[in-house]
Structure formats: C-alpha cells, structure tokens
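Observations on chain architecture
One-letter residues, chain by chain:
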Amino acid sequence: MILVTGGAGFIGANFVLDWLAQSDEPVLNLDKLTYAGNLENLAALQGDPRHLFVQGDIGDAALLAQLLAQHQPRAVLNFAAESHVDRSIHAPEDFIQTNVVGTLRLLQSVRAYWQGLEAPARAAFRFLHVSTDEVYGSLAPTEAAFSETHRVEPNSPYSASKAASDHLVRAWHHTYGLPVLTTNCSNNYGPLHFPEKLIPLLIVNALAGKPLPVYGDGLQVRDWLYVKDHCSAIRRVLAAGRVGEIYNVGGWNEKPNIEIVHTVCALLDELRPKRDGSRYQSQISHVQDRPGHDRRYAIDARKIERELGWKPAETFESGIRKTVQWYLANPDWVAHVQSGAYRDWVQTQYASSHALICNDAP
Ligand code: NAD
Ligand code: TYD
C-alpha cells in the first residue's frame, strides 16, 4: 500500500480518488482534518476497504511509527501542509509547525522505518514530497519560467515554509540516503477546491451575488494546472522519477488574475445566467493588494516531459469549464464547506464507518 498524508484536502483527495479509480493498491490516508481537511471529499470511498483513513498529525512520531510498522507502505506521499498564502500572512506559526516541523518529524519517522526494511523493499521505497512553484519567488515579466535549478527565493511565510520543507527533503536524501522525489507544481484548480482560493471563491461568490475580490490591479500572473493533471504527474514521478530529483509540474497556462475572473464570469453567464439579465462581471471589485504579493509565477515543465513523458491532458479552457460545471453540480458540498457543516457531516456519516475511520489506530 501507499501512505498519503493530507489526503482529505483539495489535491490529496483528488489524488486518492484518482489512484483508487486506476489501481487496487490500498491507500492509508493520514490527515489531521484542519479546516481544510474534509472527509466529504472522500464520500465516494465510503465502505471501500482499499481506503483506510486515520485522523492524525504528520508531526506525531509515535503515530507514524505505529502506522508504518503496521501497514508497511512501499511509498509515502506528503501532501499535508498549511497551504493558503493569505492565512500564512496573518498566522505564520501554523505554517512553520506543519510545513517545517511536521515535515521534519515525518522524515525522521519514515527514515527509521525505511532503514529497517529488507534490502529489496528498501531499494524500492520512495518518499514523494509535494511542493509548490512559489518557493522560487517572483518572476519579472520577460524572465524565463522556473526550471528546477532556478534560485529558491520564497517571499511569503507559506512559500518560505514550503522551501524549508523542500530543503529538509533534499538533505534527508543527501545525508541519510532516503530515496526522495520532490515535485514543485504551479497553481492548481478543479473539483474539491476550498473556496478561500481564487477560482472557487469567484464561483461561489458570483453565485451568491457577492463581490468578486481582485487584489490590486489583478495583473499578477499565475500558471494554472487542472488538479487531475497534477495527480497524474505525481503518479508518473512516483513510478519512474529519478531518486533525489526535483520535477517541476505545470500546464503552460500563464494567465493574469483578471483574465481568470473574466473567464469564470463568462462561463457562469453561459451556464447559469443571472435572472435579472446582468452579467457576473458587474460583481468584480478591486480590493487592497496582498502584502508582498508575488507578481508572476511560470513553470518550465520540460524536464518532466522529457524524462518521464508526462504532459497535461486538459487545456485551461477544458479544465476551467469542468471546474465551473463541478461547482454548479455540487451546491451541497459548497454549502457544507461554507457553513462549516462538513465537520458535522464527518460525525454523522462516518462515526461508525470502519472503512474510513481507522478505529484500530491509536
Ligand atoms: P489543502 O489546504 O487543501 O489540504 C491540506 C490537507 O493537509 C488538509 O486535508 C489538512 O487537513 C491536512 N493537514 C494540514 N496539516 C496537517 C498535519 N499537520 N498533519 C496531517 N495533515 C495535515 O492543500 P492542497 O491545495 O490540497 O495542497 C496539498 C499540497 O500541495 C500542499 O503541500 C501544497 O503546498 C501543495 N501544492 C498546492 C498547490 C495548489 O495550488 N493548491 C500547488 C502546488 C503545490
Ligand atoms: P490563491 O488562489 O490564493 O493562490 P496563490 O496565492 O497560492 O497563488 O491566489 C491566486 C491569485 O489570485 C493570487 O495572485 C492572489 C489572487 N487573489 C485575488 O486577487 N483575490 C482573492 O480573493 C484571492 C483569494 C486571490
């Protein structure tokens, strides 16, 4: 089996769902269930014996030791993190605790387990660390996209904490020989995205008749990748990536934020026109910019394509249409997240479900 951390969050849940749609290899899913962790994301796996969920912290060494010894995973994939830049500006400590200290403790637990494996299992084992393009800092308008050898120059508490975790992963390979892989991906979008991030926030605010907040001039550029393409890249790196290497993952979809806002508005005009005949773009509201806001991210994804033959399946146009359609088709998911009811939902839906809540975990 594989051990996935943070598998109740946006990307982790998409990864677990896609993994089990394509393979019968079981997943042990360790997630702390912070505000961003939502077991409702995994509702389709209710009663599925291939999915074992454990609520816990990647920094809990005793829990990790017990889970690793009991389940003997062939790989650990670390998605768990505090992930929202704006939250990191207001409350950086949680980011250091999970992204830095948590990753350190996870690495130590995994190293102890890995060192105790028999030679063939030891050689085949992988620790895959899921990271972000934000560790590279901000690009000037005409600068070349981030390659894997770009300087690491994080600017926000979030990106600094992720860069620190990347360095730890690298050091655990160089110092202890732990067989690690690191992926640095651009901005994801798609189903199950918590509506504090730009694209889901735009969709839910637009439908609720609320303002669509654009930070500053809205000309900041992000490089967008449909989440399921990120998941396929991670599967590919796990299967064939060279140990110790970094793979940048991106969709070659650089767009200024304001263009994203107009695209989402136009799709909603088409798919859910407003009753009063007005256009969603009338809700756009420019608000104060984020402090230290990075101006441009762009990923050079040639290495993963050249070495591993990976390419995204979706264009931005196809992916954003699917995303808007998903939010329109899942108003209950949105309502539960917005009201906080997804936490109650966990209790009512899963309290007695052994397949999802691993009762035999400590
Ligand atoms: P998310 O915030 O939606 O989910 C994070 C998950 O981790 C949640 O389920 C949360 O409960 C869990 N978690 C948090 N702290 C934990 C801890 N101490 N122990 C165990 N679980 C914990 O984040 P996401 O967008 O799904 O991102 C997943 C990973 O991908 C992160 O490492 C992030 O840095 C990286 N990443 C995200 C993006 C993006 O656009 N969202 C892009 C590139 C890389
Ligand atoms: P976000 O989804 O928070 O991702 P990140 O900061 O990790 O790139 O934001 C994407 C871009 O959208 C970023 O440039 C900030 C901007 N943004 C807004 O303009 N308005 C908003 O309400 C939010 C949440 C983000």
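Residues numbered from 1 in each chain as written. Chains lettered and ligands numbered in written order. Predicted model: local features only at pLDDT ≥ 70, side-chain atom pairs only at ≥ 80, totals over all residues. Heavy atoms only, no water.

Here we take up the site of ligand 1. The local shell around ligand 1 holds 28 residues, among which Ile-11, Asp-31, Ser-83, Tyr-158 and Lys-162 are the closest. A distance of 3.0 Å separates a nitrogen atom of ligand 1 from a polar atom in the backbone of Lys-32. Between ligand 1 and the protein, one listed contact pairs an oxygen atom with a side-chain N or O atom of Tyr-158 at 2.7 Å. Coverage of ligand 1 by the protein chains reaches 97% of its 840 Å² of free accessible surface. Listing elements by their share of the shell around ligand 1, those giving two or more residues are helix H1 (10-22), strand E5 (126-132), helix H6 (157-176) and strand E7 (187-189). (Near = heavy atom within 4 Å. Polar contact = N/O pair within 3.5 Å; in protein donor to acceptor, adjacent residues only side chain to side chain. Areas by Shrake-Rupley, 256 points an atom, 1.4 Å probe, with all protein chains shown as cover. Helix = DSSP H or I, 4+ residues; strand = E, 2+ residues; numbered from the N terminus.)

Our focus in this paragraph is the sheet that holds strand E1 (residues 2-5). Read across the open sheet, the seven strands follow the order E3-E2-E1-E4-E5-E6-E10; overall the sheet is parallel. The two strands at the open ends of the sheet, each matched to only one other strand, are strand E3 (51-55) and strand E10 (246-249). Across the sheet, the axes of successive neighbouring strands diverge by a mean angle of 20°, strand direction being ignored. (Pairing = 2+ DSSP bridges. Axes fitted to C-alpha atoms, helices over the stretch in contact; angles between N-to-C directions.)

Packed helices, taken two at a time, are described by the angle between their axes plus the distance between the axes. Helix H12 (residues 331-339) packs onto helix H11 (residues 316-329) with a crossing angle of 75° between their chain directions and a minimal axis gap of 5 Å. Taken together, the axis directions place H11 and H12 in an arrangement best described as roughly perpendicular. Along its contact with H11, which presents Trp-326, Tyr-327, Leu-328 and Ala-329, the element H12 presents Pro-331, Trp-333 and Val-334. Across the contact of H11 with H12, the residue classes tally to seven nonpolar, no polar and no charged. (Parallel < 35°, antiparallel > 145°, perpendicular 65-115°, else oblique. Contact = heavy atoms within 4.5 Å. Nonpolar A, V, L, I, M, F, W, Y, C, P; charged D, E, K, R; others polar.)

Now for the pairing of strand E9 (residues 221-226). Most of E9 is tucked away, with six of its six residues classed as buried. Side chains of E9 alternate between two faces, with Val-221, Asp-223 and Leu-225 and Arg-222, Trp-224 and Tyr-226 buried alike. In this sheet, E9 lies alongside E7 in parallel orientation, the contact comprising three bridges. Residue pairing for E9: Tyr-189 is matched across the bridge by Tyr-226. As paired elements, E9 and strand E11 (residues 254-256) share three bridges and run antiparallel to each other. Looking at E11, one finds that Val-221 is bridged to Pro-256. (Buried < 20%, exposed > 50% of the residue type's maximum accessible area, 1.4 Å probe, protein only.)

Strands sit in the order E7-E9-E11 across an open sheet of three strands; the sheet is mixed. A single partner strand is all that each edge strand has here, and the edge strands are E7 and E11. Within this sheet the neighbouring strands show an average axis-to-axis angle of 50°, counted without direction. In this fold helix H8 (residues 227-240) packs onto E7 and E9, with an angle of close to 70° to the strand it touches most, E9.

Taken together, 15 residues are adjacent to ligand 2, and Glu-134, Pro-213, Arg-222, Arg-290 and His-293 come closest. In this structure, an oxygen atom belonging to ligand 2 sits 2.9 Å away from a main-chain N or O atom of Tyr-215. Within the side chain of His-293, one N or O atom sits 2.7 Å away from an oxygen atom of ligand 2. For the shell around ligand 2, the leading source of residues is strand E8 (residues 212-215), giving three residues.

The general pattern is negative phi for most residues beyond glycine and trans for most peptide bonds. Residues other than glycine seldom take positive phi values, yet Leu-33 does so here, at roughly 55°. Tracing the sequence through the fold places Leu-33 in the loop between strand E2 (27-31) and E3. The residue Gln-72 is not glycine, and still its phi comes out positive at about 50°. With respect to the helices and strands, the residue Gln-72 is situated in the loop between helix H2 (61-71) and strand E4 (75-78). Note on Gln-72: relative accessible area 44%, which makes it partly exposed.

Here we take up the nonpolar core. Burial of nonpolar side chains together is a common tendency in soluble globular proteins. Counting residues in each nonpolar core, the largest one holds 66 residues, and the members touching the most others are Ile-2, Val-4, Phe-15, Leu-77, Leu-128 and Ile-304. Counting residues in each nonpolar core, the second largest holds 26 residues, with Leu-52, Leu-64, Leu-117 and Trp-172 among its members. (Core = buried A, V, L, I, M, F, W, Y, C linked by side-chain atoms within 4.5 Å.)

Within the secondary structure layout, Gly-102 lies in helix H4 (residues 92-115). Those residues in contact with Gly-102, other than ones at most four positions away along the chain, are Ile-58, Gly-59 and Gln-97.

The next subject is the packing of H4 against H6. H6 packs onto H4 with a crossing angle of 15° between their chain directions and a minimal axis gap of 8 Å. Accordingly, the angle class assigned to the pair H4 and H6 is roughly parallel. Regarding H4 and H6, the two cross each other, and that crossing is right-handed. Here Pro-92, Phe-95, Ile-96, Asn-99, Val-100, Thr-103, Leu-104, Leu-107, Gln-108, Arg-111 and Trp-114 of H4 lie close against H6, whose contacting residues are Pro-157, Tyr-158, Ser-161, Lys-162, Ala-164, Ser-165, Leu-168, Val-169, Trp-172 and Tyr-176. Within the contact of H4 with H6, the residues separate by chemical class into 14 nonpolar, five polar and two charged. (Left-handed = near helix turned anticlockwise from the far one by under 90°.)

The subject of this paragraph is the side chain of Asn-188. Among the secondary structure elements, Asn-188 is positioned in strand E7. Among the polar contacts listed, one links the side chain of Asn-188 to the backbone oxygen of Ser-186, at a separation of 2.9 Å. Within the structure, the side chain of Asn-188 is placed 2.8 Å from the side chain of His-230, a separation counted as a polar contact. Leaving out residues up to four positions away in the same chain, Asn-188 has contacts with Phe-10, Ile-11, His-193, Trp-224, Leu-225, Val-227 and His-230.

Honestly, it's all geometry; don't read function into it.
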